[in-house]
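Here's the letter readout for the chains.
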Amino acid sequence: SIPKTLQDAIKITRSLGMGHIWIDALCIIQDDDAAWRSESARMGHIYANAELTIAATWGSDAQTGIHKNRSETPPPRRVLEIRPSLHDAGSSHDGIGLSPLCQRGWTLQEHILSRRIVHFTEQEAWFACREQDANCECQYGRPVMPMFVRPANVGMIPVTRMWHTIVQNYSYRGLTNPSDKLSALAGTAQMLHQKAEEQRLPLGRYLAGLWSKTFRKDLLWFVSRSSACESRHAERYRAPSWSWASVDGHIEYHGHAGYRREPMSVRILDVQTTTVDPNHNFGQVASGYARIAGRTLEATVVRSHGTWLRSKTDKSRMVSHSSARSERRGEEIEFHSDSFFVEDLRPSPAETVAGKDIPVTLVYIIDGFALVLARDGEEGNAFRRIGCVEHVGMWFYADESDAEEKELLIL
């Protein structure tokens, strides 16, 4: 009754002379939310301290088995050369980067945190460890451990860039249960926080996928054009709207997100999140808010031959998801909606009339980048993010601009 892949993993473990194996499907009580929250919080610790992680890289499910295209006769033993890693993963040769395993969200942190990992691809086996990589069986492949996510590289690579790269990679992967969006990355976040603390690097508190010390830079995410027609807000709450975890779509970051020392316009007054499990600050989120102050501008989202954003100051300036030119000054501006579906942009069910314009507030973050906010409900001063705009500095600082300083609460 045990699936073929699990049987193969047990055989491999025994052949290595090891007496224990941890398999989540067997070691976590299924369909028990409390047990799942408790054990998922420990997954990072389990992978980080295991002697070896076995990766059934080519298989699409637990029934396919670990080995493929292998003869029954064991191949001759081969010594794999260990050498420092100088490249990122992803060559077409290794069969790993595009494998079914690497399309799953949970496996990213397993790959990052494991001390040693052996990949079983369709044709051969690959071995890698945290510090160095081994060649594959045919001796012509490239290393399989992405260099940018090595724990040892914290401090060598700017920590903000490392985190943003992890989020981007993770956002391209899928999850069977969308509610796992933050849980499946919790171990990685814990590792990065620990390593940053050891080297006295600024990260601070973990806030639904963002960090308190780099919060303004972490706000500079947007949905990539590659998934613009599929992106949407989560059907069930899992993060505040200012978090990338609230959206299903491929995430990218504005070019100034932490890689240049540029002044930030917005001020962060207070940010709080509450996790479902009070003892697990890196897990699922129950609620959260951000109170900010900055230069704001009123505008309108217009549904006419696509999604458009119109500044009240200059009626001729319109911007769309795919980039449009201003009719008057020729400026190129981009509006990135967090959701392709117009009903997700409406502040309340009463506003879902097709074709109705949506009043929004733009808040300036950094040179050329502003968040697009809609009121949360018909009344009150709370907002939620529905997208962002690039290349709009002239809207906020032109002589005729109506921009003004405001405090805003974003849920």
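Before reading on, note that the structure itself is shown above.
The rules behind these values
- Residues numbered from 1 in each chain as written.
- Predicted model: local features only at pLDDT ≥ 70, side-chain atom pairs only at ≥ 80, totals over all residues.
- Heavy atoms only, no water.
- Helix = DSSP H or I, 4+ residues; strand = E, 2+ residues; numbered from the N terminus.
- Contact = heavy atoms within 4.5 Å.
- Phe/Tyr/Trp six-rings, centres within 6.5 Å; stacked < 30°, edge-to-face > 60°.
- Buried < 20%, exposed > 50% of the residue type's maximum accessible area, 1.4 Å probe, protein only.
- 1 Å grid on protein atoms, 1.4 Å probe; cavity = no way out; pocket = protein on both sides within 12 Å on 5 of 7 lines; lining within 4 Å.
- Points joined across faces, edges and corners; volume = space filled by probe spheres on them.
- Nonpolar A, V, L, I, M, F, W, Y, C, P; charged D, E, K, R; others polar.
- Salt bridge = Lys/Arg side-chain N within 4 Å of Asp/Glu carboxyl O.
- Pairing = 2+ DSSP bridges.

Colleague: An account of the side chain of Thr296 is requested, with residue identities and associated values reported.
Modeller: Mapping Thr296 onto the fold places it in strand β13 (residues 285-303). Apart from residues lying up to four places away in sequence, Thr296 is in contact with Thr361, Leu362, Val363, Phe396, Asp402, Ala403, Glu404, Lys406 and Leu408.

Colleague: Lay out the packing of aromatic side chains in plain terms, naming residues and giving numbers.
Modeller: All chains considered together, the criterion is met by eight aromatic pairs. Geometrically, the ring pair formed by Trp163 and Tyr206 is edge-to-face, given 6.0 Å between the ring centres and 85 degrees between the ring planes. Highlighted residues: Trp163 in helix α6 (residues 159-171) and Tyr206 in strand β6 (residues 206-207), separated in sequence by 43 residues. Here Trp163 falls in the buried class, since its relative accessible area comes to 1%.

Colleague: Describe empty space enclosed by the protein, and please don't skip the residues or the numbers.
Modeller: One pass over the full model with this rule turns up three cavities of 30 Å³ or more. Roughly 70 Å³ of internal volume is contained in the largest cavity. Per-class residue counts for the lining of the largest cavity are one nonpolar, five polar and two charged.

Colleague: Just give me the short version of the pattern of salt bridges, but keep the residues and values in it.
Modeller: Inspection of the entire model under this criterion finds 10 salt bridges. Close ionic contact of Arg238 with Asp248 constitutes a salt bridge, the shortest N to O distance being 2.5 Å. Placement of Arg238 in the loop between β9 (232-233) and β10 (247-248) and of Asp248 in strand β10 is noted, with a sequence separation of 10 residues between them. On the basis of relative accessibility, which here comes to 6%, the residue Arg238 falls in the buried class. For Asp248, a relative accessible area of 30% gives the class partly exposed. As a salt-bridge pair, Asp376 and Arg384 come within 3.9 Å of each other at their nearest N and O atoms. Taking relative accessible area as the criterion, Asp376 reaches 34% and is therefore assigned partly exposed.

Colleague: Describe the environment of Gly174, naming the residues involved and giving the relevant values.
Modeller: If you trace the backbone, Gly174 turns up in the loop between α6 and α7 (186-198). In this structure Gly174 comes out as partly exposed when scored by relative accessible area, which is 38%. When the C-alpha atoms of Gly174 and Arg104 are compared, they prove to be 5.0 Å apart, with 70 residues separating the residues in sequence. In contact with Gly174, not counting residues within four places along its chain, are Gln103, Arg104 and Gly105.

Colleague: Describe the pairing of strand β4 (residues 125-129), naming the residues involved and giving the relevant values.
Modeller: Most of β4 is tucked away: four of the five residues are buried. With five bridges connecting them, strand β3 (residues 116-120) and β4 associate as antiparallel partners. Bridge assignment links Phe120 to a residue of β4, and that residue is Ala125. What sits between the antiparallel neighbours β3 and β4 is a turn of four residues.

Colleague: Would you mind going over unusual backbone geometry in detail, with residue names and values included?
Modeller: If you check the backbone angles, Arg200 has positive phi at about 55 degrees while not being a glycine. By the element assignment, Arg200 lies in the loop between α7 and β6.

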